[in-house]
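# Coordinate inspection notes
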Amino acid sequence: MLSLCLPTAMMDSSKMTINLVLFGMTQSGKSSAGNILLGSTDFHSSFAPRSVTKDCSLGRSCHFHSFMRRGGQEVTLQVQVLDTPGYPHSRLSKKHVKQEVREALAHHFGQEGLHLALLVQRVDVPLCEQEESSPVQMIQELLGHAWKNYTAILFTHAEKIEEAGFNEDEYLHEASDTLLTLLNSIQHRYIFQYKKGNSLNEQRLKILERIVEFIKENCYQVLTFK
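Nothing here was measured: the structure is a model prediction, and the numbers come from that model. Just so you know, the residues in each chain are numbered from 1, in the order the chain's sequence is written. Totals for whole chains, interfaces and linings use all residues, but because this is a predicted model, local features are given only for residues with pLDDT of at least 70 and pairs of side-chain atoms are given and counted only at 80 or more. Only hydrogens and water are set aside when side-chain values are computed; all heavy atoms of the structure are taken into account.

### Some thoughts on the overall build of the chain
Put simply, the rule reads: Under the DSSP-based scheme used, a helix requires at least four consecutive residues in state H or I and a strand at least two consecutive residues in state E, with every element numbered from the N terminus. The classification of residues rests on relative accessible area computed with a 1.4 Å probe and restricted to protein chains. Under 20% of the type maximum is buried, over 50% is exposed, and intermediate values are partly exposed. Only heavy atoms matter for contacts: two residues are in contact if any of them lie within 4.5 Å across the pair.
On a plain count of helices and strands, the chain comes out with seven helices and nine strands. Going through the 226 residues of the chain one by one, you find that 51% of them count as buried. Of the contacts made within the chain by residues no fewer than 6 positions apart, 76% connect residues no fewer than 24 positions apart.

### A look at the side chain of Gln-78
In this fold, Gln-78 is placed in strand β5 (residues 73-83). In contact with Gln-78, other than residues within four places in its own chain, are Met-16, Thr-17, Ile-18, Arg-60, Ser-61, Cys-62 and His-63.

### What to know about helix α2 (residues 94-109)
So the rule is basically this: Here a helix's expected span is defined as the number of its residues, less one, multiplied by 1.5 Å. The directions from the helix axis to the C-beta atoms are what the arc is built from.
Taking 1.5 Å of rise per residue, the 16 residues of α2 would be expected to cover 22 Å, and the 22 Å separating its terminal C-alpha atoms lies within 8% of that figure. Residues Lys-94, Val-97, Val-101, Ala-104, Leu-105 and Phe-109 constitute the buried set of α2. Looking down the long axis of α2, one finds its buried residues gathered within 105° of arc, a one-sided arrangement. Facing away from the buried side of α2, by more than 90 degrees, are the exposed residues Lys-95 and His-107. Buried-residue contacts for α2 involve β2 (15-24), β3 (57-60), β5, α3 (135-143) and β9 (222-225).

### Regarding the pattern of salt bridges
Rules: Only one rule defines a salt bridge in this text: a Lys or Arg side-chain nitrogen within 4 Å of an Asp or Glu carboxyl oxygen.
Scanning all chains against the criterion turns up five salt bridges. Linking Asp-124 and Arg-122 is a salt bridge whose minimum nitrogen-to-oxygen distance equals 2.8 Å. On the accessibility criterion, Asp-124 (37% relative accessible area) is partly exposed. A salt bridge links Arg-210 to Glu-213; the nearest nitrogen and oxygen atoms lie 3.9 Å apart. Placement of the pair is Arg-210 and Glu-213 together in helix α7 (residues 200-217), with a separation of three residues, close to one helical turn. Its relative accessible area of 41% is what places Glu-213 among the partly exposed residues. Each of the salt bridges in this network shares a partner with another, and the network as a whole consists of Lys-94, Lys-98 and Glu-141.

### Looking at unusual backbone geometry
Here the phi dihedral of Gln-187 falls at roughly 55°; this positive angle occurs in a residue that is not glycine. Its place among the elements puts Gln-187 in the loop between α6 (177-185) and β8 (190-192). Given the relative accessible area of 42%, Gln-187 is considered partly exposed. Not every positive phi belongs to a glycine, and Tyr-220 is a case in point at roughly 60°. Tracing the sequence through the fold places Tyr-220 in the loop between α7 and β9. The exposure class assigned to Tyr-220 is buried, which follows from its relative accessible area of 14%.

The analysis is restricted to geometry; functional conclusions fall outside its scope.
See the structure below:
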């Protein structure tokens, strides 16, 4: 059962823990994105001609002191990220992946709640309509009717947009109808992640600032899993 509530972690105005889960297709860059968010190498990430992640895994960041101000007070931020197997998976069935993620969500975020699901999508791979093998469908089934309010897209390999001579707006203008429809559904919550130019710390802070903006727009509500 899913329910909406305000997390107890928000009661302490000087500290904030945000809980995130990563979804996406095989080799979309989920685990690598998770490591950037955490500022660590908690998640195994490598190039392979098959799915690398087989199990769900939770990573916790260090504390980001004075990350933001709220109510006139400095807030320390900690990030918890749940990495999940890519889907479609080269070795695991949809039923297996779905059950694995469902159990992990209940175990790790059952009480504290989930702030945001990040759909990790490579910019150089078009998002197409694939009803039975879509990570979007997996999100819908696991998060329920409120999924649109708790989902954002994290575009990885965004440097390829510049290499192709586009900017972000031009890229989105040329995007598939499936992607545009999805963006409309989730109130245009998206983030571009670049692998070059900025340092990893700068990348992480920019992405986390956007994520916190999305969570704030949701009035810090969470999805709980029972």
